[in-house]
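Per-entry structural report
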Amino acid sequence: MKIRTLRLLTREGAANVYKNKLMSAASMVTITTTLFILGLVLLIIVNVITNLEAKKRDLQVKFYLRVETTRLEQEEVAIFIENCRATGVVTAYEYESREQAYENAKKNLQNESLMEGLTPDNFSEGYFVTLANPNDSDQFIAKLKLLSGVNPKWITYPKQELERITGIVRVFNYAAIFVLVVLMVISILLISNTIRLTVFARRKEIEIMKYVGANDWFIRFPFIIEGMIIGLLGALLAYLLTSQAYGWIVDGLNNLFSSIMITNLELMKFDQFAIRILVVNIIFGMTIGVIGSFMSVKKHLDV
Amino acid sequence: MIKFVDTTKIYSNGAVGVKNITLSIEKGEFVFVIGASGSGKSTFLKLIMHEETPTEGEVYVNGYSVHNMPRSEIPYLRRSLGVVFQDFRLLPNKTAYENVAFAMQIVEALPREIRRQVPLALGLVGLSKKAKAYPGQLSGGEQQRVVLARALVNNPAVLIADEPTGNLDPKTSLEIMDLLDEINQRGTTVIVATHEKSIVDAMKKRVIMLDRGELVSDVKRGQYTNED
Ligand SMILES: Nc1ncnc2c1ncn2[C@@H]1O[C@H](COP(=O)(O)OP(=O)(O)O)[C@@H](O)[C@H]1O
Ligand SMILES: [Mg+2]
């Protein structure tokens, strides 16, 4: 097909959006609704996942040195941890000296007599390490065990907690994909139904075009442009609605949670994923529009 | 030009469309196809434009063989034909001008050519003044003229009309027939299915008569004879 024909048919498709206002509006509402729901569900899921990931990062690896260690062994451990921080494996760590351990024990114990006869030398040094990536914990712990100064029995890590959270995150990830696919399918069905109505209303027109000798692409192309434009408009509208609604939801949740004394809820700002939502909306909206058009014109082309 | 060789069309429900038709129509002829309702006139024309395919036999049109024609070739066959229907079949949301231009756009004519040819075609059918009107704003006769202009604008070798005056009053019918005659004078082969007795009798053209799908007579300067 020649460029000028493509231009002509593109104009034709764009004009049809306007000429068939009612059907265009109906298709657009379908796409907007799906993308709006999709956007909100994804935002909620992203929030849950973000909060869980943050929680995962709070889980610390705690380990203590043997009581009887040499100065060299202590330094070896200190250097190892510093290295880990320099390379980014560890984001932060706290060090507890023997004296601090002694003091902390004294503070925490109800029965002071338990401390009788003990000096800081009876205690051992501890490290409380936050890993950059909690999934590296196994590897990190394996390396700790190679250090002679570390007592392998005194390495603790809330592995079950981590696995539980990882499991939940995975479920939410699958949920996100599931929602995405289901909504996509639903909206393609809805949109192709709507467009089928348009095409049905215009099947006489398609027939006439065929009688005059138009080939399939000549007939299909304007419909596809039409679907694309409607998809794009629907996507933009959905984006605006999502940003508004998300603002209200965040305000509502923050009010609710602060009223019940939970203040560490980390809800993300819409700006943080505005671009991503916009891109996802546009890609999905246009895809839905085009596939919908394609499917519904197909049926009427065999004249 | 157009050739039927022992052509039969039986519809899937068993109805006989046409049966064992053999005839040929030469370039520049004017042919009436007559017969009672249900005698197969429309089927005959639909076989020419490949809206239906024969169950048996062969149809040759402008060098195309209709049997086993690849789908992608159908548009080209149709572009070599101009078609006119009883119910006009104009695109409702295009103006008269745009409807005629459409036929040129699908053959990817140059815009310059379109601007030149469309007014000529509309002029030929006497509709220059209504170029900007939509079909809904035109009378039946005017709509049929737009259809004629659209059918002509690409200079087809053959013009096919299925009861082109079936929805028109007697005076307008005569005007349309007169136009078809004029188009024929300019060299286009014209095939008209009709049961307008008076017009057929008056025009003294070749008359092909069908009865229950069969060819019952084919007369050079015929009349609408032995009907009923
Ligand atoms: N699409 C179709 N399906 C089944 N039967 C048909 C179809 N079109 C026409 N027929 C039948 O074929 C016969 C010829 O019809 P047609 O060619 O339309 O005749 P005419 O145009 O002379 O009235 C009729 O009996 C009609 O009922
Ligand atoms: Mg008929």
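Only a predicted model underlies this, so the values are computations on that prediction, with no experimental measurement involved.

Take the layout of surface pockets next. Quantified by volume, the largest pocket comes out at close to 540 Å³. Forming the boundary of the largest pocket are 20 residues, of which L8, R11 and E12 of chain A together with Q105 and I114 of chain B lie nearest the centre. The set of elements that each furnish at least two residues to the lining of the largest pocket consists of helix 1 (3-19) of chain A together with helix 3 (96-105) and helix 4 (111-124) of chain B. The element best represented in the lining of the largest pocket is helix 1 of chain A, accounting for nine residues.

Take the packing of aromatic side chains next. For any pair of aromatic rings, the description rests on two quantities: the centre-to-centre distance and the angle between the ring planes. Scanning the model with the defined rule gives 14 aromatic pairs over all chains in all. Between Y239 of chain A and F270 of chain A, the aromatic rings sit 5.8 Å apart at their centres with planes inclined by 50°, giving tilted as the arrangement. Pair noted here: Y239 of chain A is in helix 8 (residues 216-259) and F270 of chain A is in the loop between helix 8 and helix 9 (274-300), with a separation of 31 residues, a long-range link. For the pair formed by Y239 of chain A and F270 of chain A, the shared burial category is buried. For the pair F4 of chain B and F44 of chain B, a centre-to-centre distance of 4.5 Å together with 15° between the ring planes defines the contact as stacked. Of this pair, F4 of chain B sits in strand 1 (residues 2-10) while F44 of chain B is found in helix 1 (residues 41-48), placing the two residues 40 residues apart along the sequence. This pair shows no difference in class: F4 of chain B is buried, exactly as F44 of chain B is. Of the aromatic side chains, those joined through ring pairs into one cluster are F63, Y93, Y95 and Y127 of chain A.

Once that is clear, we can look at the domain arrangement of chain A. When its domains are assigned, chain A resolves into domain 1 (3-55 + 163-301) and domain 2 (60-157). Put simply, the middle of domain 1 of chain A and the middle of domain 2 of chain A, counted by C-alpha atoms, are 53 Å apart.

Before going further, it helps to spend a moment on the pattern of salt bridges. Within this structure, the stated rule accounts for 19 salt bridges over all chains. A salt bridge links D216 of chain A to K210 of chain A; its shortest N-O distance comes to 3.2 Å. The pair D216 of chain A / K210 of chain A is uniform in exposure class, with both members buried. The shortest N-O distance in the salt bridge between E113 of chain B and R116 of chain B comes to 3.5 Å. Taken together, the residues span about one helical turn, with E113 of chain B and R116 of chain B both in helix 4 at a distance of three residues. According to the relative accessible area criterion, E113 of chain B is partly exposed, its value standing at 27%. Judged by relative accessible area, R116 of chain B falls into the partly exposed class, the value being 47%. The structure contains a network of salt bridges with shared partners spanning E29, R206, D218 and K220 of chain B.

Each value, and the rule that gives it
- Residues numbered from 1 in each chain as written.
- Chains lettered and ligands numbered in written order.
- Predicted model: local features only at pLDDT ≥ 70, side-chain atom pairs only at ≥ 80, totals over all residues.
- Heavy atoms only, no water.
- 1 Å grid on protein atoms, 1.4 Å probe; cavity = no way out; pocket = protein on both sides within 12 Å on 5 of 7 lines; lining within 4 Å.
- Points joined across faces, edges and corners; volume = space filled by probe spheres on them.
- Helix = DSSP H or I, 4+ residues; strand = E, 2+ residues; numbered from the N terminus.
- Phe/Tyr/Trp six-rings, centres within 6.5 Å; stacked < 30°, edge-to-face > 60°.
- Buried < 20%, exposed > 50% of the residue type's maximum accessible area, 1.4 Å probe, protein only.
- Domains from an automatic or database assignment.
- Salt bridge = Lys/Arg side-chain N within 4 Å of Asp/Glu carboxyl O.

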